[in-house]
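In case you want the letters, here they are:
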Amino acid sequence: MVSVNGQDFNLQLVDTAGQDEYSIFPQSHSMDIHGYVLVYSVTSMKSFEVIQILHDKLLDMVGKIQVPTVLVGNKKDLHMERVIKPEEGKKLADSWGAAFMESSAKENQTAVEVFKRIILEMEKADGNAQSEEKKCLVM
Ligand SMILES: Nc1nc2c(ncn2[C@@H]2O[C@H](COP(=O)(O)OP(=O)(O)OP(=O)(O)O)[C@@H](O)[C@H]2O)c(=O)[nH]1
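What counts and how
- Residues numbered from 1 in each chain as written.
- Predicted model: local features only at pLDDT ≥ 70, side-chain atom pairs only at ≥ 80, totals over all residues.
- Helix = DSSP H or I, 4+ residues; strand = E, 2+ residues; numbered from the N terminus.
- Rg over C-alpha atoms; globule rule 2.2 N^0.38 Å.
- Buried ≥ 20, exposed ≤ 12 C-beta atoms within 10 Å, placed from the backbone.
- Contact = placed C-beta atoms within 7 Å.
- Near = placed C-beta within 6 Å.
- Nonpolar A, V, L, I, M, F, W, Y, C, P; charged D, E, K, R; others polar.
- Expected span 1.5 Å × (residues − 1).
- Core = buried A, V, L, I, M, F, W, Y, C linked by C-beta atoms within 7 Å.
- Pairing = 2+ DSSP bridges.
- Axes fitted to C-alpha atoms, helices over the stretch in contact; angles between N-to-C directions.
- Arc of directions from axis to C-beta.

**Side note on the overall build of the protein chain**
- Helices and strands together make up the secondary structure of the protein chain, namely three helices and six strands.
- Shown N-terminal to C-terminal, the secondary structure of the protein chain runs as helices and strands in the order β-β-β-α-β-α-β-α-β.
- Compactness check: the protein chain gives a C-alpha radius of gyration of 15 Å against a globular reference of 14 Å for 139 residues, within 12% of the reference.
- Taken over 139 residues, the protein chain has a buried fraction of 27%.
- In the protein chain, 74% of the contacts between residues at least 6 apart in sequence involve partners at least 24 apart.

**Re the site of the ligand**
- In the vicinity of the ligand, the contacting residues are Ala17, Gly18, Asn74, Lys75, Asp77, Leu78, Ser104, Ala105 and Lys106.
- By residue class, the composition of the shell around the ligand is three nonpolar, three polar and three charged.

**Comments concerning helix H3 (residues 111-125)**
- Taking 1.5 Å of rise per residue, 15 residues should cover 21 Å, and H3 covers 22 Å from first to last C-alpha, within 8% of that figure.
- Restricting attention to buried positions, one finds in H3 the residues Phe115, Arg117, Ile118, Ile119, Glu121, Met122 and Glu123.
- Of the residues one or two after H3, Gly127 is the one with positive phi, at around 75 degrees.

**Looking at the nonpolar core**
- With 21 residues, the main nonpolar core has Val37, Leu38, Val70, Leu71, Val72 and Ile118 as its most contacted residues.
- Within the residue set of this core, elements represented by two or more residues are strand S3 (36-41), helix H1 (45-62), strand S4 (69-74), helix H2 (86-96), strand S5 (99-102) and H3.
- Setting aside anything within four residues of it in sequence, one finds Leu71 in contact with Leu38, Gly89, Leu92, Ala93, Trp96, Ala98 and Phe100.

**With respect to the environment of Ala111**
- As for its position among the elements, Ala111 is in helix H3.
- Under the C-beta neighbour-count criterion, Ala111 is labelled exposed, with 11 such atoms within 10 Å.
- Placed 74 residues apart in sequence, Ala111 and Val37 show a C-alpha to C-alpha distance of 11 Å.

**Considering the sheet that holds S4**
- Sheet architecture is open: three strands sit in the order S3-S4-S5, paired in parallel fashion. Where the open sheet ends on each side, the last strands, each with one partner, are S3 and S5. The mean angle between the axes of side-by-side strands here comes to 20 degrees, regardless of whether they run parallel or antiparallel.
- Here S3 pairs with S4 via six bridges, running parallel. Bridge pairing links Val37 to Val70 in S4.
- Those strands touched by H3 are S3, S4 and S5, and its axis lies near 155 degrees from that of S4.

**Brief notes about H2**
- What H2 keeps buried is the set Gly89, Leu92 and Ala93. All buried residues of H2 fall inside an arc of 100 degrees around its axis, so they share one side. Opposite its buried face, H2 presents the exposed residues Glu87, Lys91, Asp94 and Ser95, each directed more than 90 degrees away.
- Remark: Gly97 follows H2 within two positions and exhibits a positive phi of approximately 70 degrees.

As structure tokens, then:
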């Protein structure tokens, strides 16, 4: 349960383990899914390239030109190993019409923030409809 702007949201998360550029999304990932959190590592150019391929595949699968998405650059604690600048992540997210943030799962500072951001993106796509409690499915 996550609270955003005084409203409670019941988030259900589906984790897609081990996605790479050759992965095929199961069709089930387009059904009853309201938003997507796409994560790359700021220490890996390969992951930044793969996330762009995955985003294209995602749009193909759902048959839309835009879906509520948050692009997350993870591992921001690894300063010395960083190869992707925040501006590059932001630029990519902007080109998708998505929200962008950087995170560190290790330092666990931003986990809740990621889910608040995807809720805001889903609300935007939904025209900010109000109700007492909402159920959202995030992948
Ligand atoms: N330093 C640091 N390490 C991290 C961070 N997030 C994940 N890791 C490490 O990165 C490795 C991969 O993390 P996973 O959570 O398995 O990544 P994943 O993308 O979910 O992996 P798959 O779903 O199997 O593709 C592990 O060794 C984690 O401990 C982070 O924010 N900082």
